[in-house]
Amino acid sequence: QKEVEQNSGPLSVPEGAIASLNCTYSDRGSQSFFWYRQYSGKSPELIMSIYSNGDKEDGRFTAQLNKASQYVSLLIRDSQPSDSATYLCAVTKSSNTGKLIFGQGTTLQVKP
Amino acid sequence: DTAVSQTPKYLVTQMGNDKSIKCEQNLGHDTMYWYKQDSKKFLKIMFSYNNKELIINETVPNRFSPKSPDKAHLNLHINSLELGDSAVYFCASSPLIIGTEAFFGQGTRLTVV
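For clarity, every value in this text was computed on a predicted model and none was experimentally measured.

1. Focus on the overall build of chain A
Assigned secondary structure in chain A consists of zero helices and 11 strands. In sequence order, the secondary structure elements of chain A are arranged as β-β-β-β-β-β-β-β-β-β-β. Its C-alpha radius of gyration of 13 Å places chain A within 12% of the 13 Å reference for a compact globule of 112 residues. Scored against the burial criterion, the 112 residues of chain A give a buried share of 45%.

Have a look at this one:
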């Protein structure tokens, strides 16, 4: 079992729709959760962090965390073609070494 | 005023050569990392340094040797390059060692021929 799992996609949504990206993790003691966006040929860019159960909203982005289910998700409302990228879920291990474990990423395509 | 900068951006070299990648951050962060992203886009940590001290050393061949002269710099030296070393290498930094997000440099695309 991979430590952090994401569906590689591609996930294709029409412009203006809600894109839902999902991630599961195996280390039950994980404390910190992050979503990064990576455009092709570019570096990962942090878009959301979440540390406690529930929802966290930032503009068009909402991160959702459910530690009991070991599940974290990212919702993108009013998706734009500029949102087309690979979205990486990252989790810190409970051993607290600061080590970020990444999922393999979900490719999102927003079609005009 | 780039936050995390690494050089070079592209590196093409022959098998068996030795090469270095440099990384500098001006964010005042204590912790720096090297990550490797393979052709399948999977991003995996290689090393972590906190205040010049090695904290994480994943199962990386000892041909890879990181060096941190101060907490703002973390360089990566690779000896005897192999075809399988071809990848994008990202330097990153974070303010604390525990549970905080990492900020990435622009990456170095290494191609070994």
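2. Focus: the state of the cysteines
Enumeration over the complete set of coordinates arrives at two disulfides over all chains. Disulfide pairing is shown between C23(A) and C89(A); the S-S distance is 2.1 Å. Across the disulfide from C23(A) to C89(A), rotation about the S-S bond amounts to roughly -70 degrees, and the bridge is consequently left-handed. Here the residue C23(A) occupies a position in strand β3 (residues 19-25), and C89(A) occupies one in strand β9 (residues 85-92), the gap between them amounting to 66 residues. Residue C23(A) shares its accessibility class with C89(A), and that shared class is buried. Here C23(B) engages in a disulfide with C91(B); their sulfurs sit 1.8 Å apart. On the sign convention where negative is left-handed, the bridge of C23(B) and C91(B), at about -80 degrees about the S-S bond, is left-handed. Placement of C23(B) in strand β3 (residues 19-25) and of C91(B) in strand β9 (residues 87-94) is noted, with a sequence separation of 68 residues between them. With relative accessibility at 2%, the residue C23(B) sits in the buried group. When its relative accessible area of 0% is taken as the criterion, C91(B) is described as buried.

Definitions and cut-offs
- Residues numbered from 1 in each chain as written.
- Chains lettered and ligands numbered in written order.
- Predicted model: local features only at pLDDT ≥ 70, side-chain atom pairs only at ≥ 80, totals over all residues.
- Heavy atoms only, no water.
- Helix = DSSP H or I, 4+ residues; strand = E, 2+ residues; numbered from the N terminus.
- Rg over C-alpha atoms; globule rule 2.2 N^0.38 Å.
- Buried < 20%, exposed > 50% of the residue type's maximum accessible area, 1.4 Å probe, protein only.
- Disulfide = S-S within 2.5 Å.

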